[in-house]
Amino acid sequence: MPAKPSAVGLSVNGWNGPYLDEMYERFQRDPASVPPDVRGFLQGFELGSSAPIGGNRVSAGAPTRPAGGAAAGDASPFQARVSALIAAYRGLGHTAAKIDPFSRDRERPRALQLDYHKLSEADFDRECDATQIGMSANAKLRDVVENLERTYCGTIGIEIMHVQDRVEREWLLERVERNGGRIQLDRGLRVHVLEQLIQAESFERFLGKRYPGEKRFSLEGGESLIPLLDRVIEEASNLGTDEVVLGMAHRGRLNVLNNILGKTYEQIFTEFEDNWDEDFVDGGGDVKYHRGYSGTRLFGNGKKVHLAMASNPSHLEAVGPVVLGRCRAKQRLRADTANRSKVFPVLVHGDAAVAGQGIVAESLNMSQLDGYAVGGCVRVVVNNQIGFTTLPEDGRSSRYCTDVAKMIESPIFHVNGEDPEAVVVAAQVAVEYRQRFHKDVFIDMYCYRRFGHNEQDEQSFTQPVLAAMIKKKPSVLAVYAERLLAEGVITEKDMSVIHHRLHEALELAQKTAREEPHDPTIEPGSEKWVGFGAAFNFDHVDTHVSREALEEVCNALGSVPDGFNVNRKLKRLLEDRSKLLEDGALCYGDAESLAFGTLLLEGAAVRVSGQDCRRGTFSHRHAVLRDAETGEPYTPLNHIRELGIVGTDEAPGTPGSDGRSRQGRLCIYDSPLSEAAVLGFDYGYSLADPNMLVCWEAQFGDFANGAQTIIDQFVASAETKWQRWSSLVMLLPHGYEGAGPEHSSARLERFLKLCGDDNMQVCYPTTGGQIFHLLRRQLKRTFRKPLVVMTPKSMLRVNTSKMGELMEGSFQEIMDDPAFESGSLDRSSVKRVILCCGKIGHELIGRRDKIGTGDTAVVRLEQVYPFHAELAKEILARYPKKAEIVWCQEEPRNMGAYTFARDRFVDQVGIAAPRYIGRSASSSPAVGSKTIHKVEQKTILDEAVGVLPETDATKSAEPARASA
C-alpha cells in the first residue's frame, strides 16, 4: 500500500516550502530530475522578476529551464510561459470548469488568461513541448490550450494538485489528461446510460403522479446519480470487488434502492399503499426512505456483486462510519485485509451535510488508521447547491462543499450532472484510483432539486431566482436523449419502446401491490446470522470455563518473548497475572482479560476500540505492551496459541501445527479523539459478524455524550426500526470518586430512558466474576442485543472475586448480599434491605461491616434492563416482610437508576415504592470539590447503614445537601 498522507503545512498550490526548496535545488542541477508539474511551476513562476519559491528567491537574471524532453540549453522564455500555463490549468482549471447545470458564469482566474503568462493568440501557431500533458514535443500552442480547456475546464473540474504523494499525483495527471480527460463511450454504454436515466425519471414521475401527497424526497434534478453509481459498482467488479456497502440519506434513496439495488416496484408501492402491517404492529418500523436493503447484481461482464444499503435516520451523515465499520468487518470475513479490494464502501453525501456535519471530518481522519482503514471509500456528493432552504453562501466558508476532503489529500472530481457521460467518466477514474491507491476519493456531482426539500415544500419562498430557473429547465434525460437522437445513436422508436415497457411495468406493479402486498423488507442479517433469534430471554447461559483454559490464558498474560524489554513498572503486573490461579483472588481488570482470552481460545475474535483502550484509561488493561527500549508492541492474548485467520483454511478452531485448535485474534486499537464516528464504526462492525465480541470503550463514560446520535438512532432503536441486530458492547467508566462533573457519570439514566422492547442490555457489574461471565454471555446467547456496561474506575484493580467463580456459575442479574448467602449473617434479623446499583454496593457493605451490624442487607441490581422481575421477587422473599426496602445511589435523584428501577419494583415485583437515599436532584452530575464529594458520600452511607463511631478520621465537615 502507498504511504499514508502526512499533515500538510503552509503551501503554494498544495506544495509546502521545504518541498519546493528541495525541488528547486534539484531543478538547478538537472531540470529533468523533478516531476513535470513541478518543473513547469518552477519554469514559469513570475518570469523575469524576483519572487519567493519556498524559502529561496529566483532573481530576474536566473536562467529559465526547459519542460518535457527539451534540452537544458534549448530553454526559452516562451516554453517556460507555456509550462506555467499548464501548471495553472492543473491547479486552477476547476475554478473555470462548466460544472453548473444552469450554465451560470464563473469568474475566471487571471492565471488562466493568456496575457497573465505573457502569451496571446498571436502565439497560437508557435510550437512548444507539451509532452508533460501527453501531447507531442512540437505541439502548437493553439492545440495545447484547446486540450487544457477540454481537460480542465469542461464539464469535469478536477482538483488533484493538493495530493502530495508524487506517484499518486502523476498517476492522476496522466489518467485525467489522457484523451483530453474523457473516455470514449461506445454505443452500447451510451444507450445503457440513457435507459438508466429513463428508468430514474419514469420512476419519480410515476410516484409523483400516483402518490402526490406522499413524501419521497425525489431524485429529480439529480437523475445522473443512477448511471454514476451503476458505473462505480460495475467498474469495481471489473477490478475484483465482490461486495459493495452503500450509505446515503433520503434524497433519491428510493430511486437508488430500485434502480441500483433491485428493490422491486411491488415492494416500494406496497410501502406507498401502506398495506403491509407486520413491521408496525408493535409500534416499530420506519418510513420508507430510511430503510436499508440488499441484493445481488449480475453485470454484463458476467460478475455478480452483492449490494447492501445501510438503513439511515434523518441525521444525514450519521450512517457514514456505520457503513465503513460494516465494510471492514466484511473484509475480515472474506480475508480481504491486504488490499481491501473485495469489499468496497460507497457513501452518498448531500452538499450541505458533507460540509456541515463534523462526523464527516471524523470519518475522513480515521480513513488511513490501522484500526479503521477500509481501503478507501468512493464518496459521491449529490450537490443540489442548497441545504433545505439554506444557500451555500450561508452554509459554508469554503469554495467547495468538498474542501474537507483536502485534509487527507483526496482527489476531487467536480462534475456537471447535466452531462451524464462526464459523470460516468468521473465514476470510472474514481474507482480506478480507489482500487489502485486504497484511499478515499470524492465525486462532487453538481445538479439541482426540482422540488423543495420534499414534494410539499415550496422552494420559491426562499429561493425565487433558483426556483424560476429550475421550473424552466428541461430534464437531463430530455437533453441527453435529444443529443443521442441527433447523433443517430438511438431512434424515436427506440425511445418509445423503452418508455412503453417501463410504463407497463409500473402500472402492473402498482396493481399487484394493491391486491397482494409485498414484504418491503428483507430478512435481517445474512447467512452469518442463521440460528439467531430476536426475542430476549433470561434462560441460563453456560459461561464457565475449565481450569486448563484459564491456565493457558494466565500463562500468556504473564509472558513476553525473549529479548522483550518490559517496563520495570509492569514487571510485577505480569508476575501477578501469571499467578492468578495460584493466588485465587480476582479483580475486574484481570477478569476482563480472562474473558477475552477464553473467548479467543474458543475460536471467537474480540475487537476493542477507543481512546487509550490498549493500556486502559485507568491502566487496568495493558492489553498491548510496549518494549521499553524500542517501543515495539506485543499483544500477549494473541500468543496463547497459534492464531487463526478468518476466511482461510487456517481459520480459528482448525488444528495448528501443534495439534491444538487455533485461537481467534484480539484486535485492539487506540482510536482517534472521536466518539461519534468511532462508535458508529464499531456499531457498523458489529452488524456484520455476530460471532465477534465488538467493544467500544469511552475514555470516561461521560464522553459517550459526543456519540448521542449514534446511540439514539442506531444502538437503541435499529432493531425496532429496521430489524437490525447488534452485539456491540459499550464500556463506559462510571462512578463517583470526586473527579467532578465531567468524569463521574456515564449518564446511566439516559440509557435507561432509551430502553423498551427488550432492545438492549444495561448492566453495572460489581465484581470481576460478573464482568467475566457478562462478556462471555454476550457471545453465548441465541440472540444478539447491544450491551451497555457501566464499568468502575477506582475499583478496576481491587480484588472482588475468586478465580473459582470463573470455573462455575454464570452472570447474575441481581446479586443477593454475600454475607447472608454464605450464612455468616442471619436473614431473620434484617430490618432494612438496601437496593442499589454499582460501586455504592461495596461501600454500603464496607460501612456495615465496620459498624458490625447484621440488620441491613445490600442487594445489588447488576442488570438494570431487561429487568429480571422474577429473580427480584425470589431474592426479596428471602427477607422478613416487615423489613424496610430502600433504594440507595450515589448519583443525584434525577439521574442514575432510581426512577427507572423504582417503577419496575412497584409494577413488576409488587412492592411499595422504595424510599430514596442519595444525592438530591441536580442539573449537574457531580460537584467539583473533592472535599464536598466526600462529605456527600459519607452522608449517604450514614443515612443508609448508620454512622461510624466518631474519631478524628471520621469527623465530618459541613452537612451535605438534603438527600430526600
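As a starting point, this report considers the structure included with it. None of the values given here were measured: they were computed from a predicted structure. (Residues numbered from 1 in each chain as written. Predicted model: local features only at pLDDT ≥ 70, side-chain atom pairs only at ≥ 80, totals over all residues. Heavy atoms only, no water.)

### Notes on the overall build of the protein
Turning to step 1, where the next piece is worked out: Scanning the protein for helices and strands turns up 31 helices and 30 strands.
Turning to step 2, where the next piece is worked out: In summary, the protein has a C-alpha radius of gyration of 33 Å against a globular reference of 30 Å for 964 residues, a match within 12%.
Turning to step 3, where the next piece is worked out: Judged by the C-alpha coordinates and their principal axes, the protein covers about 110 × 75 × 65 Å.
Turning to step 4, where the next piece is worked out: Across the 964 residues in the protein, those meeting the buried criterion constitute 59%.
Turning to step 5, where the next piece is worked out: Taking as baseline every contact in the protein between residues at least 6 positions apart, the subset at least 24 positions apart corresponds to 78%.
Turning to step 6, where the next piece is worked out: With 116 positive and 133 negative side-chain charges, the protein shows a separation of 2 Å between the mean positions of the two kinds. (Helix = DSSP H or I, 4+ residues; strand = E, 2+ residues; numbered from the N terminus. Rg over C-alpha atoms; globule rule 2.2 N^0.38 Å. Buried < 20%, exposed > 50% of the residue type's maximum accessible area, 1.4 Å probe, protein only. Contact = heavy atoms within 4.5 Å. Lys, Arg positive; Asp, Glu negative; His and termini not counted. Charge placed at Lys NZ, Arg CZ, Asp CG, Glu CD.)

### Some remarks on the packing of aromatic side chains
Turning to step 1, where the next piece is worked out: For the structure shown, the criterion picks out 24 aromatic pairs.
Turning to step 2, where the next piece is worked out: Here Trp529 and Phe532 contribute two aromatic rings whose centre-to-centre distance is 5.8 Å and whose plane-to-plane angle is 65°, an arrangement assigned as edge-to-face.
Turning to step 3, where the next piece is worked out: Ring geometry for Tyr865 versus Phe900: centroids 5.9 Å apart, planes at 75°, classification edge-to-face. Here Tyr865, found in strand β28 (residues 863-865), pairs with Phe900, found in helix α30 (residues 898-909); they are 35 residues apart in sequence, far enough to count as distant. (Phe/Tyr/Trp six-rings, centres within 6.5 Å; stacked < 30°, edge-to-face > 60°.)

### Topic: the sheet that holds strand β9 (residues 293-298)
Turning to step 1, where the next piece is worked out: Spatially, the 8 strands line up as an open sheet ordered β7-β13-β14-β12-β11-β8-β10-β9, and their pairing is mixed. Every other strand in the sheet has two partners, leaving β7 (156-159) and β9 as the edge strands with one partner each. Sheet twist, expressed as the average angle between the axes of neighbouring strands with direction ignored, equals 20°.
Turning to step 2, where the next piece is worked out: In the sheet, strand β11 (residues 343-350) pairs with strand β12 (residues 378-383) via 5 bridges, with the strands oriented parallel. What sits directly across from Leu347, in β12, is Arg379.
Turning to step 3, where the next piece is worked out: On top of the sheet, helix α10 (residues 319-333) reaches β8 (243-248), β10 (304-309), β11 and β12; it is set at about 175° to β11, its chief contact. (Pairing = 2+ DSSP bridges. Axes fitted to C-alpha atoms, helices over the stretch in contact; angles between N-to-C directions.)

### Here we look at a negative patch on the surface
Turning to step 1, where the next piece is worked out: A surface patch of like charges, here negative, comprises Glu548, Glu551, Glu582 and Asp583.
Turning to step 2, where the next piece is worked out: For the negative patch, the elements supplying multiple residues, two or more each, are α18 (547-557) and α20 (580-583).
Turning to step 3, where the next piece is worked out: In this structure, Asp583 sits in helix α20. (Patch = residues over 30% accessible without salt bridge, like charges linked within 9 Å, V, L, I, M, F, W, Y side chains within 5 Å. Areas by Shrake-Rupley, 256 points an atom, 1.4 Å probe, with all protein chains shown as cover. Salt bridge = Lys/Arg side-chain N within 4 Å of Asp/Glu carboxyl O.)

### Quick notes on the sheet that holds strand β22 (residues 761-763)
Picture the strands of a sheet paired through backbone hydrogen bonds; they go either parallel or antiparallel.
Turning to step 1, where the next piece is worked out: Spatially, 7 strands are ordered β19-β16-β20-β21-β23-β22-β28 in an open sheet, and the strand pairing comes out mixed. Among the strands making up the open sheet, the edge pair consists of β19 (666-670) and β28. When strand polarity is set aside, the average angle formed by the axes of neighbouring strands in this sheet is 20°.
Turning to step 2, where the next piece is worked out: Direction of pairing for strand β20 (residues 692-697) relative to strand β21 (residues 729-733): parallel, over a ladder of 3 bridges. Bridging from a neighbouring strand, Cys695 pairs with Val729 of β21.

### Overview of the pairing of β7
Turning to step 1, where the next piece is worked out: Taking every second residue as pointing to the same face, both faces of β7 are buried, with Ile156 and Ile158 on one and Gly157 and Glu159 on the other.
Turning to step 2, where the next piece is worked out: Here 4 bridges tie β7 to strand β13 (residues 412-416), and the two strands are oriented antiparallel to one another. Residue pairing across strands places Gly157 opposite His414, the latter belonging to β13.

### A few points about the packing of helix α6 (residues 187-210) against helix α16 (residues 476-486)
Packed helices, taken two at a time, are described by their axes: the angle between them and the distance between them.
Turning to step 1, where the next piece is worked out: Relative orientation of the contacting elements α6 and α16 amounts to 150°, with a least axis distance of 10 Å. Considering the angle they form, α6 stands roughly antiparallel to α16. Between α6 and α16 lies a crossing whose hand is left-handed. In this structure, α6 uses Arg190, Val193, Leu194, Leu197, Ile198 and Glu201 to contact α16, whose residues at the interface are Val476, Leu477, Tyr480, Ala481, Arg483 and Leu484. (Parallel < 35°, antiparallel > 145°, perpendicular 65-115°, else oblique. Left-handed = near helix turned anticlockwise from the far one by under 90°.)

### Observations concerning the state of the cysteines
Turning to step 1, where the next piece is worked out: A full pass over the atoms with the stated rule returns 0 disulfides.
Turning to step 2, where the next piece is worked out: Take Cys763: it sits in no disulfide, and the sulfur closest to it among the cysteines is that of Cys837, at 9.0 Å.
Turning to step 3, where the next piece is worked out: With relative accessibility at 0%, the residue Cys763 sits in the buried group.
Turning to step 4, where the next piece is worked out: For the unlinked cysteine Cys837, the closest cysteine sulfur is that of Cys836, found at 7.4 Å.
Turning to step 5, where the next piece is worked out: Overall, the relative accessible area of 6% leaves Cys837 in the buried class. (Disulfide = S-S within 2.5 Å.)

### Side note on the pattern of salt bridges
Turning to step 1, where the next piece is worked out: Taken as a whole, this structure holds 68 salt bridges when the rule is applied.
Turning to step 2, where the next piece is worked out: The salt bridge partner of Glu874 is Arg878, with a shortest N-O separation of 3.0 Å.
Turning to step 3, where the next piece is worked out: What emerges from the salt-bridge pattern is a single network uniting Arg190, Asp419, Glu421, Arg483 and Glu487.

### Points about unusual backbone geometry
Turning to step 1, where the next piece is worked out: Residue Pro866 follows Tyr865 across a cis peptide bond; omega there is -10°.
Turning to step 2, where the next piece is worked out: Topologically, Pro866 is positioned in the loop between β28 and α29 (869-876).
Turning to step 3, where the next piece is worked out: Positioned with a positive phi, Phe388 is a non-glycine residue whose angle comes to about 55°.
Turning to step 4, where the next piece is worked out: Summarising the element assignment, Phe388 is placed in the loop between β12 and α13 (392-395).
Turning to step 5, where the next piece is worked out: With a phi close to 55°, Ser619 is a non-glycine residue in the positive phi region.
Turning to step 6, where the next piece is worked out: Residue position: Ser619 is located in the loop between β16 (605-610) and β17 (625-626).
Turning to step 7, where the next piece is worked out: On the basis of relative accessible area, Ser619 is assigned to the partly exposed category, the value being 31%.

### Some remarks on helix α5 (residues 166-177)
Turning to step 1, where the next piece is worked out: Relative to the 16 Å expected for 12 residues at 1.5 Å per residue, α5 spans 16 Å between its end C-alpha atoms, a close match to the ideal helical length.
Turning to step 2, where the next piece is worked out: Those residues of α5 that sit buried are Glu168, Arg169, Trp171, Leu172, Leu173, Arg175, Val176 and Glu177.
Turning to step 3, where the next piece is worked out: Sitting at the amino-terminal end of α5 is Asp165, which places a side-chain oxygen 3.2 Å from the backbone nitrogen of Val167.
Turning to step 4, where the next piece is worked out: After α5 finishes, the residue Asn179 shows a positive phi value of roughly 55°. (Expected span 1.5 Å × (residues − 1). Polar contact = N/O pair within 3.5 Å; in protein donor to acceptor, adjacent residues only side chain to side chain.)

### Here's the deal with the environment of Gly292
Turning to step 1, where the next piece is worked out: Tracing the chain through its elements places Gly292 in the loop between α9 (265-273) and β9.
Turning to step 2, where the next piece is worked out: For Gly292, a relative accessible area of 14% gives the class buried.
Turning to step 3, where the next piece is worked out: Sequence separation between Gly292 and Arg777 is 485 residues, and the spatial gap between their C-alpha atoms is 29 Å.
Turning to step 4, where the next piece is worked out: Apart from the residues lying within four places of it in its own chain, the contact partners of Gly292 are Arg253, Met309, Ala310 and Ser311.

### With respect to the packing of α9 against helix α17 (residues 492-515)
Turning to step 1, where the next piece is worked out: Contact geometry for α9 and α17: axes closest at 8 Å, N-to-C directions at 50°. In terms of their interaxial angle, α9 and α17 are classed as oblique. Classified by chirality, the crossing of α17 by α9 is right-handed. Each of Tyr265, Glu266, Phe269, Thr270 and Glu273 in α9 lies in contact with α17, whose residues at this interface are Leu502, Ala505, Leu506, Ala509, Gln510, Thr512, Ala513 and Arg514.

### Regarding the side chain of Thr791
Turning to step 1, where the next piece is worked out: Relative to the elements of secondary structure, Thr791 occurs in strand β23 (residues 787-791).
Turning to step 2, where the next piece is worked out: Judged by its relative accessible area of 6%, Thr791 is buried.
Turning to step 3, where the next piece is worked out: Sequence-distant contacts of Thr791, defined by excluding residues within four places in its chain, comprise Tyr588, Leu731, Leu732, Pro733 and His734.

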